[in-house]
Structures are given as C-alpha cells and as structure tokens.
Amino acid sequence: MKANSKLQRKLSFLFLFLFLIGLWLTRMELKEGGGNLQWIILVSVFALWGVFHLGLYRILARPLNEITEVVGKYAEGLFNWRVRLEGRKDDLAALGNQLNRMAEVTGEKIETLSKALAETQALLAGMEEGVLIIDLHGRVQKVNGAMEAILSHAHPLDIGKHYLEVFRDPELNDLIQETLSTKQGQRRTLSPLSQPGRSFHMQSSLIPDPGSGIGGVIVVFHDVTDLKRLERVRQDFVANVSHELRTPLTAIRGYVEALLEEDRGSASQTDKFLQIIERHTQRMEKIVSDLLLLSEMESPDRMLNRTPLHLEALLSSAVETLRPLAESKHQTLQIEIPAQLPSISGDNQKIHQVLVNLLSNAISYTQEGGHIAVEVQPAEGGVKVSVTDNGIGIPPEYLSRIFERFYRIDKSRSREEGGTGLGLSIVKHIVEAHGGWVNVESKPGQGSRFSFFLPGT
C-alpha cells in the first residue's frame, strides 16, 4: 500500500508539472494577444491531466496495489491468496502469474513439511523408547515424553539449554560428550539415578545435515529391565533344574553302586536301598512332569479342554487326595462352598491340579495341629477360590517372587517336604491361561491366603 501511495504521488507531481506548463503556455499566448485560445489550452491541459492520471493509474497503480496486497498475505503465511489481473497480458500480468505459481509450490511444500513434522511429533510421542536430540553445541533440541519419564529431571522448558545444565547422570553425559568429540555413535547400558533398579540400553547416533554434514546427536533409551530379569530367570532356571536333577541322580548313583558292592544275601539292606532309589526316581519324574506341564501352559499353542467346571467335586477330590498328609500332621481341613455358583468353564484336570498344589503347599508350610480352610464364593464376573492357613507365613520381601519357577524361601525345608519348587508357578500359569488371576496375602507367623479367580461364561 505504501508503494502505491508513492506512485500516486509521483503521478500527481507529473500532472501538476504538465498543468504548470499549460499555464505558462497560456501566459505566453496572452502576451501575443491570443483571445479564447488561453481557455482552450487551459481546458486541454486539465483534460490531459485527468486522462493521464486515470490511464496511468489503471496501467500501473491498480495492478501494483493488487500485487502488493497479495504479497503481504504471503508474508503472513497465507499462501491460498492469488493475484488476479484478468485481461492483462503485459509484464505485470506475467509477474502476477509467477507469484501465483510461487505461492502454489511454496504452499504445497509447507503442507508436506507440516504433515511430516506432525507425523514425526506423533511418532516421538508414541514411542516407548526415550529420545533426546542435541545440536553440535550440546544444546537440548528435543525431549520426548518417554525420556521425560526416564529422566524425571528433564523438562520441556529445558529446550535450548546445554545438556550439562539439564542432566545429572554422569554416564549419560559421558556418552554425549564422547559422541560429540569422536563424531561416532556410542552404545552403553546404564541405570539412571532417577530410576534405581531399572536398566536401559542407550544408543547415540549422528544426525546427518545436507549442509554441514552433521546436524546433531540423537540418543535413544531402550528399557531392557524386563529382558535382564528374564535373562536372570533363565539362568536361575537352568541352574535350579541342574541342581534339582543332580541331587536325586547323585543319590540313585550312590545306592546303585552300593547295591553292586553289597552282599546279595542281605535282602533287608537291598530293599532299603531300592526304596531310596525309588523315592528319588519318583522325585525326578515329578520334576520332569511339572516342567512339561509348565512348558505346555507357556506355549502359545496350548490347548485347554474346556468343559463346565464342577468346583465342588474337584475340591472334594483334591481334599481327599491330600487328607492323609494333613492327618499325619494332625491338621484340620475345612471347606466352605455355597449351593449356587456362577456358571464357569475350564479344564477340569488342570483346575484340579491348581487345587492340589495350593492345598499341598498349605499343608507343607503349616505346623502340626494347624488349620486350613478352603472357601469358594461368587465374585464379580466369576468365582473366587481361597486357601487359607495359619502356618509360618511369608515375609513381605518374598511375596513378589513366590510364583517364580524353583523359587524357594527356605530351600532346605522345601526339599525335606519333597516339593519341586514349581507348584505355585504351575498354579499361576494355569489360572492365567483360563483368563483369571492369582494372588497371595501373608504375614510371618500368622499364615497365608492364596486366592485365584476364574471368569464366568
């Protein structure tokens, strides 16, 4: 608009100049005795001034005003505006067409970049991995939500600050410094000070830049806590299986050697050794059987023979199976089951195994003369079964690991009781395979309550 005003002022000065020339010519004519000629000249000058002013405005001022206004909209980021100079085929029309083409191409590129930026933002926000982006001067450029959760002292307001001002983890800072100085990606595994007990695999990479070659550094955090825990469980599992099988194998081997050296006439000694061998063989068979069952329940191709569950019959069978063991310790078994229960389905054989394992566990860890109660009750969406004892209980620090394979609080006592260390793990896998859950509540010296839930049909 300012450019057009200047143009109009220049045109006005031009026409004023022409007007003054007309007046001068009129004066000269008057001196020479001209009559009406002065008015003719004066009128002609004014007419000429109007015609020139209107014509030049139409030719220059109005199209330039249109172009200036549209260019101003482009400066505001409004690339949907267009220069419209209908009917013109001069240089201004060509300029307008070029501006329109520039706006179209620029608008498309901005739309593409905006879409790519939105996708990148959504990708970073949705990643479980923490992402940190730093420029070559060490200034923080981007921190996604996962990284803010990993490094609790990181905050969006830290954008633009040097990483040494933001992060207080020496290992992280060392990795960033080494990446910036060597211009090479690095790999580390660390436990951030803000996340004790958790492990993260940290990897840094260089961000390529078309101009300078390197635009910055990106650091990605992968949470490997569960992987490390699984690796530890695997190592413990292999070690425990080896130990559990080695113990009976050693006993069997020893008594077989004794039998080979023993006088065949000593029938009583032979019978005693054979009984010991048989007991250890049965223990090995039990371990192998439980391992096979666990492997079956952990397999994605596991098959459950689902039929209507008759909990009362299953519970009675489990109690009768273990009643001699309870009576040998002068323990009492109590069953509470209502007449009406929600309809549920499942694998009767495997649910029977769950009940036997929980009852056997309660009997084993309850002192002589103790009391064990089994309660079945309706629950929201299914049925809840609880096995409660007044035995030795479980310390709180062991409750989170009680369902792990081969995990024992008192290893010597467990082996004396003849357990494999797999019973509770089998319970957990069977119940979860049925879509339910298992829980434990316990207080040392007061007893434990193991409960599991099965959903209704």
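As shown above, the structure is provided for reference.
Below is a short write-up of the structure.

1. As for the overall build of the chain
Along the chain, the regular secondary structure elements total 12 helices and 12 strands. Expressed as a percentage of its 457 residues, the buried residues of the chain come to 34%. Carbon and sulfur atoms provide 56% of the accessible area of the chain, an area that totals close to 27,000 Å².

2. Some points on the packing of aromatic side chains
Remark: the centre distance and the inter-plane angle together describe each pair of aromatic rings, the angle taken between the planes. Tallying each qualifying case throughout the model produces 3 aromatic pairs. Aromatic pair Phe200 and Phe221: ring centres 6.1 Å apart, planes at 55°, arrangement tilted. One end of the pair, Phe200, is in strand β4 (residues 200-209); the other, Phe221, is in strand β5 (residues 213-223), with 21 residues separating them in the sequence. An identical accessibility class is assigned to Phe200 and Phe221; each is buried. For the pair Trp437 and Phe453, a centre-to-centre distance of 5.7 Å together with 10° between the ring planes defines the contact as stacked. On the criterion of sequence distance, the pair formed by Trp437 in strand β11 (residues 437-443) and Phe453 in strand β12 (residues 447-455) is long-range, its members being 16 residues apart. Classification of Trp437 by relative accessible area gives partly exposed; the value is 38%. Residue Phe453 is classed as buried on the basis of its relative accessible area of 10%.

3. Comments concerning the pattern of salt bridges
Tallied over the entire structure, the rule returns 8 salt bridges. We note a salt bridge from Arg323 to Glu320, for which the minimum N-O separation is 3.3 Å. Here Arg323 and its partner Glu320 are both found in helix α9 (residues 311-328), 3 residues apart, which amounts to about one turn of the helix. Arg401 is the salt-bridge partner of Glu404, the closest N and O atoms lying 3.0 Å from each other. Overlapping salt bridges, with partners in common, bring together Asp174, Glu178 and Arg188 in one network.

4. Things to note about the nonpolar core
Ranked by size, the top nonpolar core spans 42 residues in total, and within it Leu358, Leu359, Val385 and Phe452 carry the most contacts. Counting residues per element, the ones that place at least two in this core are α8 (267-298), α9, α10 (348-364), β9 (371-379), β10 (382-389), α12 (423-433), β11 and β12. In terms of residue count, the dominant contributor to this core is α10 (8 residues). With 20 residues, the next largest nonpolar core counts Ile150, Val166, Phe200 and Phe221 among its residues.

5. Section: helix α6 (residues 170-182)
When the terminal C-alpha atoms of α6 are compared, their 18 Å separation across 13 residues agrees well with the 18 Å that a helix rising 1.5 Å per residue should span. All buried positions along α6 are accounted for by Leu172, Asn173, Leu175, Ile176, Thr179 and Leu180. For α6, the angular spread of buried residues about the axis comes to 160°, placing them on one side. Positive backbone phi, at 60°, marks Lys183, one or two positions downstream of α6.

6. What to know about the pairing of β12
Along β12, 7 of the 9 residues are buried, which leaves the element largely enclosed by surrounding structure. Two strands pair when backbone bridges link them, and β10 and β12 are joined in this way by 8 bridges, in the antiparallel orientation. When the sheet's bridge partners are listed, Val383 is paired in β12 with Leu454. Pairing analysis gives 7 bridges linking β11 to β12, with the strands arranged antiparallel. The residue of β12 that forms the bridge with Lys443 is Gly447. Between the antiparallel neighbours β11 and β12 lie 3 residues, among them Gly445 with a positive phi of about 80°.

7. Concerning the packing of α10 against α12
The description of two helices packed together rests on the angle between their axes and the distance between the axes. Axis separation between α10 and α12 bottoms out at 9 Å; the angle between their running directions is 145°. Of the two elements, α10 crosses α12, and the hand of that crossing is left-handed. Contact with α10, carried on its side by Lys350, Ile351, Gln353, Val354, Asn357, Leu358 and Asn361, involves Gly423, Leu424, Ile426, Val427, Ile430 and Val431 of α12 and no other residues of that element. Here the residues of the contact of α10 with α12 are counted per class, giving 8 nonpolar, 4 polar and 1 charged.

Cut-offs and rules
Residue numbering note: each chain is counted from 1, following its sequence as written. Reporting of local features is limited, given that this is a predicted model, to residues whose pLDDT is at least 70; pairs of side-chain atoms are given and counted only at 80 or more, and all residues count toward the totals for whole chains, interfaces and linings. Only heavy atoms go into the side-chain values, all of them from the structure, while hydrogens and water stay out. Counting from the N terminus, the helices are DSSP H or I runs at least four residues long and the strands are E runs at least two residues long. Exposure classes here rest on a 1.4 Å probe applied to the protein chains alone. A residue is buried below 20% of its type maximum, exposed above 50%, and partly exposed in between. Only the protein chains shown count as cover for residues, and the accessible areas themselves come from Shrake-Rupley with a 1.4 Å probe. Centres within 6.5 Å make a pair out of two Phe, Tyr or Trp rings, where for Trp the six-membered ring is used; the pair is then stacked when the planes are under 30 degrees apart, edge-to-face when over 60, and tilted otherwise. By convention in these notes, a salt bridge is any Lys or Arg side-chain nitrogen within 4 Å of a carboxyl oxygen on Asp or Glu. Buried Ala, Val, Leu, Ile, Met, Phe, Trp, Tyr and Cys residues form a nonpolar core when they are joined through side-chain atoms within 4.5 Å. Helix span, as expected, comes to 1.5 Å for every residue beyond the first. Here the arc refers to the set of directions running from the helix axis out to each C-beta atom. Two strands make a pair as long as DSSP finds a minimum of two bridges between them. Orientation is described by lines fitted to C-alpha atoms, with helices fitted over the stretch in contact, and by angles between N-to-C directions that extend from 0 to 180 degrees. What makes a crossing left-handed is the near helix being turned counterclockwise from the far one by less than a right angle; a clockwise turn instead makes it right-handed. Throughout, a contact is declared for two residues whenever any of their heavy atoms are within 4.5 Å. Gly counts as polar in this scheme, as do all residues outside two lists: the nonpolar Ala, Val, Leu, Ile, Met, Phe, Trp, Tyr, Cys and Pro, and the charged Asp, Glu, Lys and Arg.

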